[in-house]
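# Residue-level structure breakdown
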Amino acid sequence: MDQVLKNQTAIITGASSGIGAGVAKSLASAGANVVVNYPVESSKPAADAVLKEITDAGGIGMVAQCDVSQEAQVIRMFADVVAAYGTVDILINNAGLQRDAKFDEMTLDQWNTVINVNLTGQFLCAREAIREFLRRGLRPDVSLATGKIICMSSVHELIPWAGHVNYATSKGGIKMLMQSLAQEYGDRKIRVNSICPGAIQTPINRPAWETPQALNSLLTLIPYNRIGQPQDIGNLAVFLASDLSDYITGASIFIDGGMTVFEGFATGG
Ligand code: BGC
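A short tour of the structure in this document, coming up. Please read all numbers here as calculations on a predicted model, not as lab measurements. (Residues numbered from 1 in each chain as written. Predicted model: local features only at pLDDT ≥ 70, side-chain atom pairs only at ≥ 80, totals over all residues. Heavy atoms only, no water.)

## Regarding the overall build of the chain
In plain terms, the rule: Only DSSP runs of H or I reaching four residues or more are called helices, and only runs of E reaching two or more are called strands; each is numbered from the N terminus. Three labels apply to residues, based on accessible area from a 1.4 Å probe with only protein chains included: buried if under 20% of the type maximum, exposed if over 50%, partly exposed otherwise in between. What sets the accessible areas is the Shrake-Rupley method with a 1.4 Å probe; for residues, cover comes only from the shown protein chains.
What the chain contains, in helices and strands, is 7 helices and 7 strands. Listing every helix and strand of the chain by position from the N terminus yields β-α-β-α-β-α-β-α-β-α-β-α-α-β. For the chain, the C-alpha atoms occupy an extent of roughly 55 × 40 × 35 Å along the three principal directions. For the chain, the proportion of its 269 residues judged to be buried stands at 50%. Element-wise, carbon and sulfur atoms account for 56% of the exposed surface of the chain, whose accessible area totals about 12,300 Å².

Right, dumping it as structure tokens:
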């Protein structure tokens, strides 16, 4: 891959597995210094394995522990990264989880866990990133933008999701977080966009693809007739983080094999 992100540092939250791991590998192969964030000590071996794959392929990076829902930990991670690489150019606000339940059975803990990680975590990381972008200012030799934030949203910022109200609500919130930040900081040349994945084959949705029956039923929702891979998201993240997309800000980009064209209507309505 072209080294379009050379001399830029990217923090990828939740990069020890799933989409985050895929995005970290793609950004590293595009030349970025990547920070493979992981949430808790037990996910360190997985983060180390992602970093090893990156460095074995000639990439540059480090791992960094931080629970994105904890303000002090987020502030510390950004300080550590600035100490290591001088600044932060790209934030991939990716960490996210599901705690599914029927709404009338949903506990406050299930609600809070999802909102705290998926939405408050994106607030805390975006705030630190923007503070660092403003402190550093434009580096014209490196990028046309002062900084780039990419929020990992979901098709569920658009498609309501029964049985997952906490998750869908968090993604709807991310849409407005992203667009309001794009509006507030556009004049400082900070670009903020969202990636809205459909079904990507990762641990978060294992039950939806692990048996042939489940996968067949999932594919009835996807016109392009395949499940997505983390690399699909990685490719888009490289584009959105690079100057190739310099005129794109405040956008939600859906990457879902057509899930949002509502396949159920293919045979009439
Ligand atoms: C969810 C997955 C789901 C996909 C499509 C994602 O945001 O995390 O569990 O398969 O949306 O419904």
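## Comments concerning the pairing of strand β5 (residues 147-152)
Applied cut-off: Two strands pair under a simple rule: DSSP has to find at least two bridges between them. When the strands point away from the viewer and the connection leading from the first strand across the helix to the second strand turns clockwise, the crossover is called right-handed.
Among the 6 residues of β5, 6 are classified as buried, and the element is accordingly described as predominantly covered. What you see with β5 is no split at all: G147, I149 and C151 on one side and K148, I150 and M152 on the other are buried throughout. Bridge count for strand β4 (residues 90-93) against β5 is 4 bridges, and the pairing is parallel. Bridge pairing links L91 to I149 in β5. Note on the crossover from β4 through helix α4 (residues 108-136) to β5: the handedness is right-handed. Strand direction decides the pairing type here: β5 and strand β6 (residues 190-197), joined by 6 bridges, are parallel. Bridging from a neighbouring strand, I150 pairs with N193 of β6. Note on the crossover from β5 through helix α5 (residues 165-185) to β6: the handedness is right-handed.

## Concerning the side chain of Q8
The criterion, for reference: In protein, a polar contact requires one atom able to donate a hydrogen and another able to accept it; more generally it is a pair of N or O atoms within 3.5 Å, and residues adjacent in sequence count only if both atoms are side-chain atoms. Note on definitions: a residue-residue contact is assigned when non-hydrogen atoms from the two residues lie within 4.5 Å.
Structurally, Q8 is set in the segment before β1 (9-12). The class for Q8 is buried, based on a relative accessible area of 2%. Engagement of the side chain of Q8 in a polar contact is seen with the backbone oxygen of V142, the distance being 3.5 Å. If sequence neighbours within four positions are ignored, Q8 has contacts with A32, N33, D89, I90, R139, V142, S143 and K148.

## Description of the nonpolar core
How we decide: Buried Ala, Val, Leu, Ile, Met, Phe, Trp, Tyr and Cys residues that are joined via side-chain atoms within 4.5 Å together make up what is termed a nonpolar core.
Within the largest apolar cluster, 33 residues are counted, with the highest numbers of intra-cluster contacts made by I11, F78, L91, I149 and V192. Secondary-structure elements contributing two or more residues to this core are β3 (60-65), α3 (71-85), α4, β5, α5 and β6. Looking at which element gives the most residues to this core, the answer is α4, with 8 residues. For I149, the contacting residues outside a window of four places in its chain are L91, N93, A126, A129, I130, F133, R191, V192 and N193. Counting 30 residues, the second-largest nonpolar core is a separate cluster that includes V50, I150, L236 and L240.

## Comments concerning the pattern of salt bridges
Rules: One side-chain nitrogen of Lys or Arg within 4 Å of one carboxyl oxygen of Asp or Glu is enough to make a salt bridge.
Across all of its chains, the model carries 13 salt bridges by this definition. Measuring nitrogen to oxygen at the nearest pair gives 2.7 Å for the salt bridge that ties K52 to D56. One end of the pair, K52, and the other, D56, are both in helix α2 (residues 44-56), 4 residues apart, so they sit about a helical turn from each other. Given the relative accessible area of 57%, D56 is considered exposed. Note that E71 is salt-bridged to R127, the shortest N-O span being 2.8 Å. Here R127 lies in helix α4 and E71 lies in helix α3, a separation of 56 residues in the sequence.

## Things to note about a nonpolar patch on the surface
Worth spelling out the cut-off: Patch construction takes residues with relative accessible area above 30% that form no salt bridge. Like charges are linked within 9 Å, and nonpolar side chains (Val, Leu, Ile, Met, Phe, Trp, Tyr) are linked within 5 Å.
Together, L158, F254, F262 and F265 make up an exposed nonpolar region whose accessible area comes to about 410 Å². Here F265 lies in the segment after β7 (252-255). F265 gets classed as exposed once you look at its relative accessible area, which sits at 59%.

## A look at the state of the cysteines
This is how it is decided: When two cysteine sulfur atoms are found within 2.5 Å, that pair is recorded as a disulfide.
According to the stated counting rule, one finds 0 disulfides in the structure shown. C66 takes part in no disulfide bond, and the closest cysteine sulfur to it belongs to C125, at a distance of 5.6 Å. Left unpaired, C151 is separated from the closest cysteine sulfur, that of C196, by 9.6 Å.

## Quick notes on the site of the ligand
Just so we agree on the cut-off: The nearness test applies per residue and asks whether one of its heavy atoms lies within 4 Å of the molecule or strand. Here the term charged refers only to Asp, Glu, Lys and Arg, the term nonpolar to Ala, Val, Leu, Ile, Met, Phe, Trp, Tyr, Cys and Pro, and the term polar to all other amino acids, Gly among them.
Taken together, Q98, S154, H156, W161, Y167, G198, A199, I204, N205 and M259 are the residues near the ligand. With respect to the ligand, the side chain of S154 contributes an N or O atom lying 2.7 Å from an oxygen atom. Protein chains bury 89% of the 310 Å² of accessible surface belonging to the ligand in isolation. Among the residues forming the shell around the ligand, the class breakdown is 5 nonpolar, 5 polar and no charged.

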